[in-house]
Amino acid sequence: MGPVLKRCRALGLEPSYLGIDKKSNRSFARAGKKVSEYGLQLREKQKAKFIYGVLEKPFRNNFERAKKLKYGTTGENLMIILELRLDNVIYRLGYGRTRTEARQIVDHKHVLVNGKCVNIPSYQVKVGDVISIKEKAKSTQRYKDVLEVTGGRAVPAWLEADHENLTGTVKEIPTRDQIDVPVNEMLIVELYSK
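Every value quoted in this text rests on a predicted model; they were computed, and no experiment measured them.

Engineer: What exactly am I supposed to notice about the sheet that holds strand β3 (residues 130-133) here?
Structural biologist: In any sheet, the strands associate via hydrogen bonds between backbone groups, in a parallel or an antiparallel arrangement. Spatially, β2-β1-β3-β5-β4 is the arrangement adopted by the five strands of the open sheet, whose pairing is antiparallel. At either margin of the open sheet sits one strand with a lone partner, and together these are β2 (116-117) and β4 (159-162). In the sheet, strand β1 (residues 111-113) pairs with β3 via three bridges, with the strands oriented antiparallel. Counterpart to V113 in the pairing with β3 is I131. Each of β1, β3, β4 and β5 (167-170) touches helix α5 (residues 86-93); the most contacted strand, β4, lies at about 60° to it.

If you want it as structure tokens, here you go:
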């Protein structure tokens, strides 16, 4: 919650990464000041938390899970775990204008994963999962408006979207190259390993 553009300015983020097409005209006041190493690490963590809409405790839990995974580096695994959250997948498929709207859609029980209703935004989708919008919700004006806005947005290669039926499939686990989030995950790893 709070002024989104102000947070974007403070973190040095483009609002487009959040799905917002507004632009901020103001410049950042502390642009010339030197930032400490810890300050840089903290900013990267806050950036990731802000983009995905995750609070500190679940974010740390995701980091612990990423450390235990056998493949890939901890930083890459963390980004993959965040990317495979159900609310993020709905946003990536283009069924929500922003991640917050996608989260609300999940909360309101409009989403089915493999035919079962799931209302947990942090639910981890797996390869082969079919994500769809409930039949009852499909006909509402909301989704027509959303698809009008997000129609031009490209669906990532690791997802397959069917905008006619409002469904999508997870084809594969995304690689770090396919995640277009401007976060340096190595700084987050350094911050948490202190």
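Engineer: Would you explain the pairing of β4 in this entry?
Structural biologist: Consecutive side chains of a regular strand alternate in pointing toward one face of the sheet and then the other. Sheet topology note: the β4/β5 ladder contains four bridges and is antiparallel. Bridge pairing in β5 places E160 opposite T169. Taken together, β4 and the strand that follows it, β5, pair antiparallel across an intervening segment of four residues, in which L166 is found at a positive phi of about 50°.

Engineer: Just to check I follow, could you spell out unusual backbone geometry for this structure?
Structural biologist: Trans peptide bonds make up the majority, and among non-glycine residues the majority have a negative phi. Here N114, not a glycine, exhibits a phi torsion of approximately 55°, which is positive. The phi torsion at L166 lies on the positive side, around 50°, for a residue other than glycine. Its relative accessible area of 4% is what places L166 among the buried residues.

Engineer: Sorry if this is basic, but what is going on with the packing of aromatic side chains here?
Structural biologist: What characterises a pair of aromatic rings is the spacing of the ring centres plus the angle enclosed by the ring planes. This model, assessed by the stated rule, comprises two aromatic pairs. For the pair F59 and Y192, a centre-to-centre distance of 6.3 Å together with 40° between the ring planes defines the contact as tilted. Residue F59 is located in helix α3 (residues 56-68), and its partner Y192 is located in helix α9 (residues 185-192); the two are separated by 133 residues in the primary sequence. Considered together, F59 and Y192 belong to a single accessibility category, that of buried residues. Ring geometry for F63 against Y192: centres 4.7 Å apart, planes inclined by 40°, an arrangement best described as tilted. Of this pair, F63 sits in helix α3 while Y192 sits in helix α9, and the two are 129 residues apart along the sequence. Under the relative-accessibility criterion, F63 is labelled buried at 2%. Members of the aromatic cluster, connected to one another through ring pairs, are F59, F63 and Y192. Between R7 and the ring centre of F50, over which it is positioned, the NZ or CZ distance is 4.6 Å.

Engineer: Help me understand the layout of surface pockets, please; the structure alone is not making it clear to me.
Structural biologist: Empty space among the atoms can be located by rolling a probe the size of a water molecule over them. When its volume is computed, the largest pocket comes out at roughly 700 Å³. Lining the largest pocket are 27 residues, with K49, F50, G53, V54 and T100 sitting closest to its centre. Sorting the residues of the lining of the largest pocket by element identifies α1 (4-11), α2 (37-52), α3 and α6 (99-107) as the ones contributing at least two each. Per element, the largest residue contribution to the lining of the largest pocket is five residues, and it comes from α2. Each residue belonging to the lining of the largest pocket can be placed in one class, and the counts come to 11 nonpolar, nine polar and seven charged.

Engineer: How should I be thinking about the side chain of D87 in this particular structure?
Structural biologist: Mapped onto the elements, D87 comes out in helix α5. Aside from chain neighbours lying at most four places away, what touches D87 is Y52, R99, A102, R103, V106 and P121.

About the thresholds
- Residues numbered from 1 in each chain as written.
- Predicted model: local features only at pLDDT ≥ 70, side-chain atom pairs only at ≥ 80, totals over all residues.
- Heavy atoms only, no water.
- Pairing = 2+ DSSP bridges.
- Helix = DSSP H or I, 4+ residues; strand = E, 2+ residues; numbered from the N terminus.
- Contact = heavy atoms within 4.5 Å.
- Axes fitted to C-alpha atoms, helices over the stretch in contact; angles between N-to-C directions.
- Buried < 20%, exposed > 50% of the residue type's maximum accessible area, 1.4 Å probe, protein only.
- Phe/Tyr/Trp six-rings, centres within 6.5 Å; stacked < 30°, edge-to-face > 60°.
- Lys NZ or Arg CZ within 6 Å of the ring centre and 35° of its normal.
- 1 Å grid on protein atoms, 1.4 Å probe; cavity = no way out; pocket = protein on both sides within 12 Å on 5 of 7 lines; lining within 4 Å.
- Points joined across faces, edges and corners; volume = space filled by probe spheres on them.
- Nonpolar A, V, L, I, M, F, W, Y, C, P; charged D, E, K, R; others polar.

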